[in-house]
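# Residue-level structure breakdown
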Amino acid sequence: MARDAYDAVIVGAGPNGLAAAITLASAGRRALVVEARATPGGGCRSAELTLPGFVHDPCAAIHPLGVASPYFRTLPLARHGLAWIDPPTPLVHLLDDGRAVRLERSIAETAAQFGADAEAYRDLVEPFVERFDALLPMILGPLRWPAEPLLLARFGLHGLRSMQGLARRFADEPARALLAGIAGHAMVPLDAPGTAAFALVLTLAAHAVGWPLARGGSQAIIDALVAHLRELGGELELNHDVAHISELPPARAYLFDVSPRRLATIAAGRLPPSYLRRLGRFRYGPGVYKLDWALRAPIPWRDPACARAGTVHLSGSLATVSDAIVRVHRGEVAAEPFVLLAQPSLFDAGRAPPGMHTAWAYCHVPHGSAIDVGSRIEAHIERFAPGFRDVVLARSARNAVDIARYNPNYVGGDINGGLADLQQLFFRPLVRADPYTTPAPDIFLCSSSTPPGGGVHGMCGHACARSVLARVLA
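The rules behind these values
Residues numbered from 1 in each chain as written. Predicted model: local features only at pLDDT ≥ 70, side-chain atom pairs only at ≥ 80, totals over all residues. Heavy atoms only, no water. Patch = residues over 30% accessible without salt bridge, like charges linked within 9 Å, V, L, I, M, F, W, Y side chains within 5 Å. Areas by Shrake-Rupley, 256 points an atom, 1.4 Å probe, with all protein chains shown as cover. Salt bridge = Lys/Arg side-chain N within 4 Å of Asp/Glu carboxyl O. Helix = DSSP H or I, 4+ residues; strand = E, 2+ residues; numbered from the N terminus. Buried < 20%, exposed > 50% of the residue type's maximum accessible area, 1.4 Å probe, protein only. Contact = heavy atoms within 4.5 Å. Pairing = 2+ DSSP bridges. Axes fitted to C-alpha atoms, helices over the stretch in contact; angles between N-to-C directions. Polar contact = N/O pair within 3.5 Å; in protein donor to acceptor, adjacent residues only side chain to side chain. 1 Å grid on protein atoms, 1.4 Å probe; cavity = no way out; pocket = protein on both sides within 12 Å on 5 of 7 lines; lining within 4 Å. Points joined across faces, edges and corners; volume = space filled by probe spheres on them. Domains from an automatic or database assignment. Buried area = accessible area lost by both parts, 1.4 Å probe. Nonpolar A, V, L, I, M, F, W, Y, C, P; charged D, E, K, R; others polar. Phe/Tyr/Trp six-rings, centres within 6.5 Å; stacked < 30°, edge-to-face > 60°. Lys NZ or Arg CZ within 6 Å of the ring centre and 35° of its normal.

Once that is clear, we can look at a nonpolar patch on the surface. Nonpolar side chains collect at one region of the surface, where Leu-143, Leu-160, Phe-426, Phe-427 and Val-431 lie side by side and expose about 430 Å² of accessible area between them. With respect to the element layout, Leu-143 can be found in the loop between α5 (132-139) and α6 (149-159).

What follows covers the environment of Pro-298. By the element assignment, Pro-298 lies in the loop between β9 (287-295) and β10 (309-314). Its relative accessible area of 39% is what places Pro-298 among the partly exposed residues. In the structure, Pro-298 is positioned 94 residues away from Val-392 in sequence and 9.6 Å away in space, judged by C-alpha atoms. In this structure Pro-298 touches Leu-346, His-357 and Val-391, once residues within four positions along its chain are discounted.

Turning our eyes to something else, we now look at the pattern of salt bridges. According to the stated counting rule, one finds 23 salt bridges in the structure shown. Here Asp-57 makes a salt bridge to Arg-351, at a shortest N to O gap of 3.2 Å. Of this pair, Asp-57 sits in the loop between β2 (31-34) and α2 (64-68) while Arg-351 sits in the loop between β11 (339-342) and β12 (357-365), and the two are 294 residues apart along the sequence. Both residues of the pair, Asp-57 and Arg-351, belong to the buried class. Between Arg-131 and Glu-148 there is a salt bridge, with the nearest N and O atoms lying 2.4 Å from each other.

The next subject is the sheet that holds strand β1 (residues 6-11). The five strands lie next to each other as β7-β2-β1-β8-β14, forming an open sheet whose pairing is parallel. Every other strand in the sheet has two partners, leaving β7 (235-237) and β14 (443-445) as the edge strands with one partner each. Ignoring strand direction, the axes of neighbouring strands in this sheet form an average angle of 20 degrees. Both β1 and strand β8 (residues 251-256) contribute to a ladder of five bridges, which runs parallel. Paired with Tyr-6 across the strands is Ala-251, a residue of β8. Across the sheet, helix α17 (residues 459-471) is in contact with β8 and β14; its angle to β14 comes to roughly 155 degrees.

Before going further, it helps to spend a moment on the side chain of His-240. Mapped onto the elements, His-240 comes out in the loop between β7 and β8. Under the relative-accessibility criterion, His-240 is labelled buried at 16%. Of the polar contacts made by the side chain of His-240, one reaches the side chain of Glu-237; its length is 3.4 Å.

The step from Leu-314 to Ser-315 runs through a cis peptide bond, and the omega angle for that step is 0 degrees. For Ser-315, the location among the structural elements is in the loop between β10 and α13 (318-329). A cis amide bond links Pro-451 to the next residue, Pro-452, at an omega of 5 degrees. The residue Met-187 is not glycine, and still its phi comes out positive at about 60 degrees. Here Met-187 shows up in the loop between α8 (173-183) and α9 (195-208).

Turning next to the sheet that holds strand β4 (residues 89-94). Spatially, seven strands are ordered β5-β4-β10-β11-β12-β9-β13 in an open sheet, and the strand pairing comes out mixed. One side of each edge strand has no neighbouring strand; the edge strands of this open sheet are β5 (100-103) and β13 (392-398). Along the sheet, successive strands turn relative to each other by an average axial angle of 20 degrees, direction set aside. Relative to β13, β9 runs antiparallel, the two sharing six bridges. From the neighbouring strand, Ala-294 faces β13, where its bridge partner is Ala-394. Those strands touched by helix α14 (residues 374-384) are β4, β9, β10, β11, β12 and β13, and its axis lies near 60 degrees from that of β9.

Another point: empty space enclosed by the protein. In total, this model carries one cavity of 30 Å³ or more according to the counting rule given. Taken as a whole, the largest cavity spans an internal volume of roughly 50 Å³. If you trace the largest cavity, you find it lined by Ala-324, Ile-325, Val-328, Val-333, Ala-334, Pro-337, Phe-338, Cys-363 and His-364. Listed by contribution, the elements that provide at least two residues to the lining of the largest cavity are α13 and β12.

Often the size quoted for an interface is simply the accessible area lost on bringing the parts together. Assigned domains within the chain: domain 1 (6-45 + 217-282 + 419-472) and domain 2 (84-212 + 286-406). With centres defined by C-alpha atoms, the gap from domain 1 to domain 2 works out at 28 Å. In total, about 1300 Å² of surface goes out of reach between domain 1 and domain 2, with carbon and sulfur atoms giving 72% of it. For the domain 1 face of the interface with domain 2, the top three residues by lost area are Arg-37, Leu-422 and Phe-426, together amounting to 27%. In this structure, the connection of domain 1 to domain 2 is made through zero salt bridges. On the surface where domain 1 and domain 2 come into contact, there are two residue pairs in polar contact (both at pLDDT 80 or more). Mapped onto the side of domain 1 that touches domain 2, the elements with two or more residues apiece are α16 (422-426) and α17. Class assignment for the residues of the side of domain 1 that touches domain 2 results in 13 nonpolar, two polar and three charged.

Tallied over the entire structure, the rule returns five aromatic pairs. Taking 5.2 Å as the distance between ring centres and 65 degrees as the angle between the ring planes, the aromatic pair formed by Phe-114 and Tyr-121 counts as edge-to-face. Residue Phe-114 is classed as buried on the basis of its relative accessible area, which comes to 4%. Ring geometry for Trp-360 against Tyr-362: centres 5.7 Å apart, planes inclined by 10 degrees, an arrangement best described as stacked. Exposure remark for Tyr-362: the relative accessible area of 10% places this residue in the buried category. Above the ring of Phe-128, the side-chain terminus of Arg-154 is found at 5.9 Å from the ring centroid. We note Arg-398 situated over the ring of Tyr-406; from NZ or CZ to the ring centre the distance is 4.6 Å.

Here the focus is the layout of surface pockets. Each pocket or cavity is described by its volume, and for the second largest pocket that value is around 300 Å³. What lines the second largest pocket is a set of 19 residues, among which Pro-142, Arg-144, Tyr-436, Ala-463 and Arg-466 lie closest to the centre. Residues of the lining of the second largest pocket, tallied by class, amount to 12 nonpolar, three polar and four charged. Residue-level mapping places the lining of the second largest pocket at the junction of two domains, with at least three residues from each of domain 1 (6-45 + 217-282 + 419-472) and domain 2 (84-212 + 286-406).

Here it is, written out as structure tokens:
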């Protein structure tokens with residue numbers, strides 16, 4: 001590596017590392033991004049995991065917070081080739097009896113399914129969907145005085161509740177189950193405070209901006225970010241796995257798009273032992289087991305509504321989803337796990353050869369588990385799509401250990417960058433006035449282990465870079 005001096009060196013070329021570098025380069029600072037792998041992207045890549053010509057997203061694939069990101073929206077990513085594709089229906093949640101509950105772009109169409117609960121659903125979501133562009137920047141960031149305190153306070157009255165508590169406003173199962181499945185993305189037991197916020201944010205996003213996928217694969221998001229970074233004069237170096245900060249060229253600031261555990265290793269000797277001990281107490285959440293399939297035909301869903309949806313949740317009532325998540329935290333996996341599935345090639349034909357398709361699904365598993373639950377996932381899909389196994393040409397399976405090996409930021413297979421309970425939702429990785437700082441004035445953390453947490457939105461990196469600009473590069 002050249003030993004030129006930089007204003008900032010960023011370790012890790014995931015969405016947050018690249019967002020941090022672009023923020024700094026946009027301010028006229030000289031920024032270098034160093035990435036361990038041969039391609040940038042972190043948890044936002046695309047690859048032929050099964051057969052030639054079948055493009056899969058190994059990790060992040062559906063991007064409501066990507067298209068809605070207050071920071072990404074300021075960047076000319078479309079000029080660099082990024083195009084979003086909106087499935088007609090963002091999400092279908094399948095109940096135990098096979099009924100499909102649809103989360104449509106239209107609030108009215110969604111509410112119409114809920115009978116006596118229709119008005120309660122509209123009253124919950126409409127005020128926030130109407131103010132979504134004002135609300136989201138206050139949610140996707142560190143704790144600070146909000147631009148619109150009354151709006152955020154109103155959201156907090158609902159969002160700081162548990163999902164179980166929020167569900168009490170509904171009399172029947174469809175609305176409860178739909179929101180429970182969305183809250184399940186947090187991988188936190190649904191009786192925990194703050195789990196309602198996950199259900200609300202992603203539900204509001206579905207109505208406001210959709211749950212889109214990136215044309216050609218999630219790598220297109222990264223390719224656009226890299227192109228813009230280079231346009232601004234930023235630099236990217238690949239194939240350099242940084243073992244220690246001393247390997248990096250001189251810089252006024254170092255930003256790390258890595259896990260707290262990895263930061264403790266890379267910055268050994270630069271951070272005080274007391275801080276490292278506190279960092280070691282950062283808690284990671286459950287892992288995931290993921291399957292990617294090459295298919296000879298679309299998934300043969302029993303209910304045709306599923307074929308309109310980019311994402312399908314399998315399945316069940318609020319109680320069923322809640323039980324599956326609690327079991328994972330107990331070190332178990334339910335016989336019929338809560339399965340999250342996406343079928344991008346139905347809406348992006350370039351993901352597979354003509355007439356063929358791709359799909360993926362994952363379920364939550366205990367942290368660091370090597371358990372193989374592939375047969376359970378496929379049996380669960382077969383229940384709602386008889387003949388599914390007959391259309392499978394090839395599969396790629398990864399357990400939580402494999403996921404962590406693929407992306408070391410996913411400690412124990414935790415794709416959210418750390419347990420997203422109420423404490424670690426706002427204070428991650430530690431309780432600090434500025435969560436991106438460390439005791440070393442030139443060392444910063446910009447990964448999803450900082451606010452606002454997991455997701456392809458770049459907000460962790462952007463907020464960290466703003467902190468760097470204010471504290472070091474003013």
